[in-house]
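The primary structure of each chain is shown beneath.
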Amino acid sequence: MSQSHVYPVNPEQASHSLIDKAGYQRMYEQSINDPETFWGEQAEQFLGFFQPWSKVLSGDFSKADVSWFKDAKLNACWNCVDRHLPQRADQTALIWEGDDPADSLPITYRDLHLAVCRLANVLKQRGVKKGDRVCIYMPMIPEAVYAMLACARIGAIHSVVFGGFSPDAIKDRILDSDCQSVITANQGIRGGKVIALKDNVDKALANCPNVHSVIVVKRTNAEVSFKQGRDVWYHDAIDQVDDQCAAEVMDAEDPLFILYTSGSTGKPKGVLHTTAGYLLSAAISHKYIFDYHEGDVFWCSADVGWVTGHSYIVYGPLCNGATSLVFEGVPTYPDASRFWQVIDKHQVTIFYTAPTALRALMSMGNEPVQATSRQSLRLLGSVGEPINPEAWEWYYNVVGEQRCPIVDTWWQTETGASMISPLAGVTDLKPGSATLPFFGVKPELLDADGNIITGAGKGNLVITQSWPSQIRTVFGDHQRCVDTYFTAYPGYYFTGDSARRDEDGYYWIIGRVDDVINVSGHRLGTAEIESALVLHPKVAEAAVVGFPHDIKGQAVYAYVTLMLGVEESDALRKELVAFVAGEIGAFARPDIIQFAPGLPKTRSGKIMRRILRKIAANETDNLGDTSTLADPSVVEQLIANRHNR
Ligand code: ATP
Ligand code: MG
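Residues numbered from 1 in each chain as written. Chains lettered and ligands numbered in written order. Predicted model: local features only at pLDDT ≥ 70, side-chain atom pairs only at ≥ 80, totals over all residues. Heavy atoms only, no water.

(A) Broad picture of the side chain of Arg-359. Of note, Arg-359 is situated in helix α14 (residues 355-362). A residue is classified by how much of its surface remains accessible, and Arg-359, at 5% relative accessible area, is buried. Ignoring anything within four residues of it in the chain, the contact list for Arg-359 reads Glu-385, Pro-386, Asn-388, Ala-391, Ala-540, Glu-541 and Ile-607. (Helix = DSSP H or I, 4+ residues; strand = E, 2+ residues; numbered from the N terminus. Buried < 20%, exposed > 50% of the residue type's maximum accessible area, 1.4 Å probe, protein only. Contact = heavy atoms within 4.5 Å.)

And the structure:
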């Protein structure tokens, strides 16, 4: 496939970047060969401690039992807020942009400090103690960030549940992590639509007898029902407490949060992250990957309900004293120009979003982008799924006007921070490749027998040594952590993804290991075939899976979403089959193409291929865990039109 077009670093960017190629190489080598010295020095630079560590790294990686910065004491909220007050009390910490373009609000570090202290005092008053779990089910409003930081301040463990989840999904998560308090809002507003958050919480809590406290932010004027003694209005409660609250002294390895994975490959896992290692990885990756400079306006468009929002809206940027934008809305409301309008309005310099949003916007043409200036932008990022080279080129040429490097960051809820990614202004780019490992990350590719592949090749992606923001456990089920990540290849962390490494040592994520398709002995990654399909001018998005085939073992089943206004036809189907054969080879040719107006996605926007696999194989009576499916009607539609018959 013709995917190895290289975009060398532009010399103008290189002249401003924090480090150069030799600097990356030097730091990377030290981080791998002498991790204790490297991370000790970085921790001193990036974090403030109440008490130093006795040992940088200890424990046994192969048993999912590691400890970073043993005996050190610190507080994550203090690092993200208080530490900045002497120099930047008046600097904007958060820019809130509401769903309605008329609503926005700057919040300084001083404001942030007072708001967080008040909420922390409310939590304490309501009986929340260090180590308790608190469920946060919120719209994207500043109070969501206050809630996370207030928990961190008093040593409570937050478990943020994305505000789009159903009562059942909230209930499962509350019970799984035994949360006894909830912070929510009466309603949320997204894309002009109202979301009944408090009603959803009430329904969930009907089956959560341990929850004794619900704090409700008043986002709209709607009345909601209150349970006496359990529920309080946020605004009433914060008025009655002090605006100062000392930050709890936490151990480096005390839990900071629990966060459930997206559920793309199965039942979501409650990933537990701890304080020092997580915060350090979030901060250092935010700085070097995004080439963050003082004065940048940083916008990560994720929701705080996902790890991307945790690390790159809240903890990374705030730990670095940055200005971070919090967006309540969606990319297409009031119209498809919204992202770019927000960038102009707040003079955003760094923008970080997901391929799913880019593909959707790309299918609507260039006009909504070109109606805006985007001159403030200097850097773009992508995360969540492989970005198809076609979408990459569009992002680069149309959105960034060939001025902004794109950092395609590969990582997972479990890794806490970006693991494989270019450093902006340092790494030469190849569209579709996450490029090179970040500091402290030593990836390898393993063949089917678990042998390390050297040089260029394709295999299962593992990480061979600990990094600070490594998952510590699956909450309440350490065995699941060991079984899922540390058992398939003893001694390594198994990512569940497969990847290709090219002659330059660049990594290309080609999909989930479970999704690899074996056609007549050729192992095909989903991303490769999907990217070939998306390259066709009439295709907006594609998802491929394997299905049983008598002769070939497996054959390729492709679900294809066409560009707006394109007619479905058999002729087009044939054209697409030939197109894939031309791009990759005849062996990769789809046997079946089903036109799909929509694809099943998780609520974080990832394609759920395991459901597509079931539909292809006609095993639709047992679709597995569908609790994180965004729109069940998409699945019904696909089943009804299976094979396009
Ligand atoms: P679950 O683990 O419950 O199945 P999930 O893996 O989708 O859900 P996340 O932790 O949100 O949950 O997603 C991590 C996964 O997303 C990675 O394992 C990878 O497959 C994919 N991913 C993230 N970023 C990228 C990227 N830049 N390129 C390719 N794939 C990516
Ligand atoms: Mg996963």
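(B) Layout of the domain arrangement of the protein chain. Split into domains, the protein chain comes out as domain 1 (11-108 + 248-484 + 494-500) and domain 2 (520-641). The straight-line distance from the C-alpha centre of domain 1 to that of domain 2 is 29 Å. Taken residue by residue, the interface counts 20 residues in domain 1 and 24 residues in domain 2. Contact between domain 1 and domain 2 buries roughly 1900 Å² in total, counting both sides, with carbon and sulfur atoms accounting for 52%. Taken together, the connections running from domain 1 to domain 2 amount to two salt bridges. (Domains from an automatic or database assignment. Buried area = accessible area lost by both parts, 1.4 Å probe. Salt bridge = Lys/Arg side-chain N within 4 Å of Asp/Glu carboxyl O.)

(C) Main features of the layout of surface pockets. Approximately 210 Å³ is the volume attributed to the second largest pocket. What lines the second largest pocket is a set of 13 residues, among which Glu-12, Gln-13, His-16, Asp-291 and Arg-378 lie closest to the centre. Per-element tally for the lining of the second largest pocket: the top contributor is helix α1 (residues 11-16), with three residues. Across the lining of the second largest pocket, the residue classes break down as three nonpolar, six polar and four charged. (1 Å grid on protein atoms, 1.4 Å probe; cavity = no way out; pocket = protein on both sides within 12 Å on 5 of 7 lines; lining within 4 Å. Points joined across faces, edges and corners; volume = space filled by probe spheres on them. Nonpolar A, V, L, I, M, F, W, Y, C, P; charged D, E, K, R; others polar.)

(D) Expanded view of the sheet that holds strand β17 (residues 323-327). If you trace the seven strands from one edge of the open sheet to the other, you get β5-β4-β17-β16-β18-β19-β20, paired in mixed fashion. Of all strands in the sheet, those with a lone pairing partner are β5 (104-108) and β20 (406-409), marking the two edges. With direction set aside, neighbouring strand axes in the sheet form an average angle of 20°. Of the pairings in the sheet, the one linking strand β16 (residues 297-300) to strand β18 (residues 350-353) comprises three bridges and is parallel in character. The residue bridging Phe-298 from the neighbouring strand is Ile-350, located in β18. (Pairing = 2+ DSSP bridges. Axes fitted to C-alpha atoms, helices over the stretch in contact; angles between N-to-C directions.)

(E) Highlighting helix α2 (residues 21-33). Taking 1.5 Å per residue as the helical rise, α2 with its 13 residues ought to reach 18 Å, and the 18 Å between its terminal C-alpha atoms agrees with that figure. Listing the buried residues of α2 in full gives Gly-23, Tyr-24, Met-27, Tyr-28, Ser-31 and Ile-32. For α2, the buried positions fall inside an angular range of 150° around the axis, keeping them on one side. In this structure, α2 carries Arg-26 and Asn-33 as exposed residues pointing more than 90 degrees from its buried face. (Expected span 1.5 Å × (residues − 1). Arc of directions from axis to C-beta.)

(F) Fine view of the sheet that holds strand β22 (residues 457-463). A sheet is described by the order of its strands in space; here four strands give the open sequence β21-β22-β24-β25, paired in antiparallel fashion. Looking along the sheet, the strands with just one partner apiece sit at the ends: β21 (443-446) and β25 (507-512). Pairwise comparison of adjacent strand axes, ignoring direction, gives a mean angle of 45° for this sheet. By the bridge criterion, five bridges tie strand β24 (residues 493-501) to β25 in an arrangement that is antiparallel. The partner of Asp-497 across the bridge, within β25, is Arg-512.

(G) Seen up close, the pairing of strand β29 (residues 553-562). The buried fraction of β29 amounts to eight of the ten residues, a majority that puts the element mostly inside the structure. Where strand β28 (residues 539-549) folds back on β29, the antiparallel hairpin that results is connected by three residues. Where β29 lies against strand β30 (residues 592-595), four bridges are found, and the strand directions are parallel. When the bridges of β30 are listed, Tyr-559 appears paired with Gln-594. In this fold, β29 hands off to helix α19 (residues 570-583), which returns the chain to β30; that crossover is right-handed. (Right-handed = clockwise from strand over helix to strand, strands pointing away.)

(H) Geometry of the packing of α14 against helix α16 (residues 389-399). One can describe the packing of α14 onto α16 by two numbers: an axis separation of 10 Å at closest approach and a directional angle of 75°. Accordingly, the angle class assigned to the pair α14 and α16 is roughly perpendicular. Every residue of α16 that contacts α14 at Leu-358, Arg-359, Leu-361 and Met-362 is listed here: Glu-390, Ala-391, Trp-394 and Tyr-395. By residue class, the composition of the contact of α14 with α16 is six nonpolar, no polar and two charged. (Parallel < 35°, antiparallel > 145°, perpendicular 65-115°, else oblique.)

(I) Molecular detail of the UniProt feature "domain: AMP-binding enzyme C-terminal" (unreviewed entry) in the protein chain. UniProt's entry tags residues 528-606 with the feature "domain: AMP-binding enzyme C-terminal" (unreviewed entry), counted in the numbering of this structure. Summarising residues 528-606: 28% helix, 32% strand, and an end-to-end C-alpha distance of 16 Å. (UniProt positions renumbered as here; feature names shortened; annotations may be inferred.)

(J) Spatial organisation of the pattern of salt bridges. Throughout the structure, instances matching the rule amount to 36 salt bridges. The closest approach of N and O atoms between Glu-36 and Lys-55, which form a salt bridge, is 2.7 Å. Residue Glu-36 is found in helix α3 (residues 35-46), and its partner Lys-55 is found in strand β1 (residues 55-60); the two are separated by 19 residues along the sequence. The partner of Arg-374 in a salt bridge is Glu-401, and the shortest N-O contact between them spans 3.5 Å. With Arg-374 in the loop between α15 (367-370) and β19 (379-383) and Glu-401 in the loop between α16 and β20, this pair connects stretches of sequence that are 27 residues apart. According to the relative accessible area criterion, Glu-401 is partly exposed, its value standing at 37%. If you follow the salt bridges from partner to partner, you end up with Lys-198, Asp-202, Arg-230 and Asp-231 in one network.

(K) Quick look at the environment of Ala-357. Within the secondary structure layout, Ala-357 lies in helix α14. Along the backbone, Ala-357 and Ser-382 are 25 residues apart, and their C-alpha atoms lie at a distance of 9.9 Å. In this structure, Ala-357 is in contact with Pro-331 and Phe-339, ignoring residues within four places of it in sequence.

(L) Looking closely at the pairing of β17. Burial of β17 is extensive: five of the five residues sit out of reach of the surface. With burial as the criterion, each face of β17 is covered, one bearing Thr-323, Leu-325 and Phe-327 and the other bearing Ser-324 and Val-326. Bridge count for strand β4 (residues 92-97) against β17 is four bridges, and the pairing is parallel. By the bridge assignment for β17, Glu-97 is matched with Phe-327. As judged from the three bridges shared by β16 and β17, these two strands associate in the parallel manner. Bridging across to β17, Val-297 finds its partner in Thr-323. Taken together, β16, helix α12 (residues 307-319) and β17 constitute a β-α-β crossover, and its handedness is right-handed.

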